[in-house]
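Structural overview
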Amino acid sequence: MKIDFLNLKRANEPHEEAIRQAVSRVVASGWYVLGEETAAFESEFASFCGVSDCVGVANGLDALYLILRAYGISRGDEVIVPSNTFIATWLAVSQTGAHVVPVEPDEQTFNIDPERIEAAITPRTRAIIPVHLYGQPADMDRINDIARKHGLRVIEDAAQAHGAYYKGRRTGNLGDAAAFSFYPGKNLGALGDGGAVTTNDRQLAATIRKLRNYGSSVKYQHELAGLNSRLDEVQAAILRTKLPHLDAENAQRAVVASAYIDALAPSQVKLPDVAAGSNSVWHLFVVRTPDRNALQSYLTSMGVGTSVHYPTASHHQPAYADQQWPELPIADSLQSQVLSLPMAPYLTANEIKIVVGAVLEYLQ
Ligand SMILES: *Cc1c(COP(=O)(O)O)cnc(C)c1O
């Protein structure tokens, strides 16, 4: 039996009929961009996160970039980001002209280490972007305290953590503003690209509403040099059908995660650690082991699909080769040691057994 790392067709199967109906509704409406579906999704996702405002945008990268733009962050500014994240977190900063300042993670949670943030702050620092990596919220109380002390904005990169809780509050409601992605493989995934900004800052939301639509709130009047970054009606309608099931699907992911943890606890691999006060929505189930490549090859040979998040840290990417970076030994080590096991709400007990069986077989 072959087990895919992630099978999106299977992930969407429970929603297929509802998705078809949602798409038909949009086709029949004759209105395809910035209409009722997007407005309704924005209001539903805002209440899901517990915030006053949600602005639908084209993707997660744009959501991050638009928040930075709306806060006026630009050339000459510095923004603190994790050394270990998907490159989009860095690219959003670079697109504004600001300088990326990487900070290493805590090795228990893989989230940005608050202990190391203050040493990275300079008079040019404007914001911190904690990423809720692999589905677990970052240590937001400590990050917000540091930010308050230094007058910095806190922008959550929540692209991997839809629905996760931190001390009783959802991601998206843990900083000044948050960026979400609805890329198909995310916990809340569209059937194409999509993204959103959530915030309790009404002014910020109003600015991003203009920026995403050519800098305009009244047709053919352009107050800002904006861009075209809109969540379309088809994707919004699809997201509306899936959002009511997100908590249940995240709970199914948690069942898979605890089965993995129970079975693999006696083994050599380092398992994911969830900090007190946080829960994880298990976007990914990432183990760490020095012989990652050999383990991955073995699992492949046994028909178990895996992936690596991420095989090349951003500071080693050609896109960032023109800049000087500090020593980032944790990010360097993680890129060769992390391995993502199959993780999806649909995984059966039998499939989980096959995955852990193959891992344990390799390790003995
Ligand atoms: C997916 C992702 C993004 C970017 O989202 P897109 O919709 O693909 O642009 C940003 N940050 C993180 C951590 C992500 O995982």
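Remember, it's a predicted structure, so these values are computed and weren't measured experimentally.

Turning next to unusual backbone geometry. In the segment running from His-309 into Tyr-310, the intervening peptide bond is cis, with an omega of 15 degrees. Of note in the backbone geometry, Phe-110 takes a positive phi value of approximately 70 degrees without being a glycine. Structurally, the position occupied by Phe-110 is in the loop between β3 (99-103) and α6 (114-117). Residue Phe-110 is classed as buried on the basis of its relative accessible area, which comes to 3%. For Lys-167, which is not glycine, the phi dihedral falls at a positive 45 degrees.

Taken together, Asn-59, Gly-60, Leu-61, Thr-85, Phe-86, Ala-88, Val-131, Asp-157, Ala-159, Gln-160, Ser-181 and Lys-186 make up the full set of residues adjacent to the ligand. Within the backbone of Gly-60, one N or O atom sits 2.8 Å away from an oxygen atom of the ligand. Side-chain polar atom of Asp-157 to a nitrogen atom of the ligand: 2.8 Å apart, as the coordinates give it. Contact with the protein chains hides 91% of the accessible area of the ligand, taken as 380 Å² for the molecule alone.

Counting 35 residues, the largest nonpolar core has Tyr-260, Phe-285, Leu-299 and Leu-341 as the members making the most contacts within it. Within the residue set of this core, elements represented by two or more residues are α10 (246-264), β10 (285-288), α11 (292-301), α12 (329-337), β11 (338-341) and α13 (349-363). With five residues, the top contributor of residues to this core is α13. Setting aside chain neighbours within four positions, we find Phe-285 in contact with Ala-257, Tyr-260, Ile-261, Leu-271, Pro-272, Leu-339, Ser-340, Leu-341 and Met-343. With 30 residues, the next largest nonpolar core counts Leu-66, Tyr-71, Leu-204 and Trp-325 among its residues.

Quick notes on the rules
Residues numbered from 1 in each chain as written. Predicted model: local features only at pLDDT ≥ 70, side-chain atom pairs only at ≥ 80, totals over all residues. Heavy atoms only, no water. Helix = DSSP H or I, 4+ residues; strand = E, 2+ residues; numbered from the N terminus. Buried < 20%, exposed > 50% of the residue type's maximum accessible area, 1.4 Å probe, protein only. Near = heavy atom within 4 Å. Polar contact = N/O pair within 3.5 Å; in protein donor to acceptor, adjacent residues only side chain to side chain. Areas by Shrake-Rupley, 256 points an atom, 1.4 Å probe, with all protein chains shown as cover. Core = buried A, V, L, I, M, F, W, Y, C linked by side-chain atoms within 4.5 Å. Contact = heavy atoms within 4.5 Å.

On their own, these measurements won't tell you what the molecule is for.
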